[in-house]
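The chain contents come next:
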Amino acid sequence: MQRAAARLASWTAPQPFTAAARAPRAARRMAAPVQAAAGSDWLSQDERRMLHAVYRVGDMDKTIKYYQECFGMKLLRYRDIPEDKYSNAFLGYGPEETHFAMELTYNYGVDSYDLGEGFGHFGIAAPDVYKLVDAVKAAGGNVSREAGPVKGGKTVIAFVDDPTGYKFELIQREGEIPEPLAQVMLRVGDLDRSIKFYTEVLGMKLLRTRDNPEYKYTLAFLGYGPEESSTVFELTYNYGKEGYEKGNAYAQVAISTKDVYKTAEQVKAAGGNVTREPGPVPGIGTKILACTDPDGYKIVFVDNEDFLKELEQK
Ligand SMILES: C[C@@H](O)C(=O)SC[C@H](NC(=O)CC[C@H](N)C(=O)O)C(=O)NCC(=O)O
Ligand code: NI
């Protein structure tokens, strides 16, 4: 695992995202004020932002190298917690103060996981998916779906499988791409139920929906900012499918909040299921709380000041 730490110091991976790399550095982006929901003053006062997706990988060094060389991600942070026998690596396209990150978790001695059916993909936006697919192949990446228009639509996509088996959807996008980490796609059993939770409990905006009757699925995109500049949830409903095996690989998305105690009360008042009461993480001190969405996917709220202090200590 020490190789990962050394890599952090000497990272110089290629940058296929020249457009994104040249994109003006995102101004320190205040988290989006959360959309007020009926009966919750706190929602209108809180400032929430999607911080990172947390998931378990079978080989930390191999995955870090893969993300750097195939996707052009930067290694932002690495920490080893020997007393609890795990390590974390954070990768993305910009500083965590303003950009979403991938939080990889390696549990000592565990080299594979059950990805289940519920997790769909992480989405990466790119100016030219055909060119990126060529770069991924040249770097030895596993392109599992060639570049081309999405079935039943026009958006050019491709899929790449990472070393653990997670799918990365490459999504062609016009214009500047200040946040290439575009999506976390999860499959849900009832889209209206999920939209109600993600808007009224999490305080997200419903950005758009897209029904694809030919292929029998409907998508809902939700987040704290526009898709063009923010990472969003893409919730997928397959007609008639009410539930999915979750597996043990994908863990959660972390969202920032100004106050985990007030957010815990707001989540409960809005009918959410708090599974980890607010308070500091032992050994790290960062205050968090955890809840689950209607399909059982975990969401962790992180105290924003504590999060920024963590970044200062890296
Ligand atoms: C908009 C873009 O971000 C998408 O992810 S749409 C991609 C499309 N999604 C689905 O088909 C969802 C339903 C599917 N049954 C599932 O559960 O994943 C997709 O994956 N298309 C495949 C293709 O080859 O175009
Ligand atoms: Ni997608």
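This one's a predicted model, so the numbers in the text were calculated from it and none came from an experiment.

A. Molecular detail of the packing of aromatic side chains. Applying the stated rule across the entire model yields 16 aromatic pairs. On the basis of an interplanar angle of 45° and a centroid distance of 5.8 Å, the ring pair of Tyr-67 and Phe-71 is categorised as tilted. Taken together, the residues Tyr-67 and Phe-71, both in helix α4 (residues 60-71) and 4 residues apart, mark about one turn of the helix. This pair shows no difference in class: Tyr-67 is buried, exactly as Phe-71 is. Seen from their ring centres, Phe-197 and Tyr-198 are 5.5 Å apart, and the 70° between their planes marks the pair as edge-to-face. For the pair shown, Phe-197 and Tyr-198 are each scored as buried. An aromatic cluster of at least three residues, connected via ring pairs, comprises Tyr-55, Tyr-66, Tyr-67, Phe-71, Phe-119, Phe-122, Tyr-166, Phe-168, Tyr-250 and Tyr-297. Against the face of Phe-90 rests Arg-77, its NZ or CZ located 3.8 Å from the ring centre. Lying across the ring of Tyr-297, Lys-246 places its NZ or CZ 4.8 Å from the centre.

B. Geometry of the pattern of salt bridges. Tallying each qualifying case throughout the model produces 14 salt bridges. Here Glu-310 makes a salt bridge to Arg-79, at a shortest N to O gap of 3.0 Å. Taken together, the positions of Glu-310 in helix α8 (residues 304-312) and Arg-79 in strand β4 (residues 74-81) put the pair 231 residues apart, joining distant regions of the chain.

C. Region of interest: the sheet that holds strand β5 (residues 86-92). Ordered by their spatial adjacency, 8 strands build an open sheet running β4-β5-β6-β3-β15-β18-β17-β16, and the pairing between neighbours is mixed. Across the chains shown, the open sheet's two edge strands, defined by having one partner strand only, are β4 and β16 (273-280). Each neighbouring strand pair of the sheet contributes to a mean axis angle of 20°, computed without reference to strand direction. One ladder, built from 7 bridges, connects β5 with strand β6 (residues 101-107); its direction is antiparallel. For Asn-88, the partnering residue across the bridge sits in β6 and is Thr-105. Against the sheet, α8 contacts β3 (50-56), β4, β15 (250-257), β17 (287-292) and β18 (298-303), and its axis sits at roughly 80° relative to β18.

About the thresholds
Residues numbered from 1 in each chain as written. Chains lettered and ligands numbered in written order. Predicted model: local features only at pLDDT ≥ 70, side-chain atom pairs only at ≥ 80, totals over all residues. Heavy atoms only, no water. Phe/Tyr/Trp six-rings, centres within 6.5 Å; stacked < 30°, edge-to-face > 60°. Helix = DSSP H or I, 4+ residues; strand = E, 2+ residues; numbered from the N terminus. Buried < 20%, exposed > 50% of the residue type's maximum accessible area, 1.4 Å probe, protein only. Lys NZ or Arg CZ within 6 Å of the ring centre and 35° of its normal. Salt bridge = Lys/Arg side-chain N within 4 Å of Asp/Glu carboxyl O. Pairing = 2+ DSSP bridges. Axes fitted to C-alpha atoms, helices over the stretch in contact; angles between N-to-C directions. Contact = heavy atoms within 4.5 Å.

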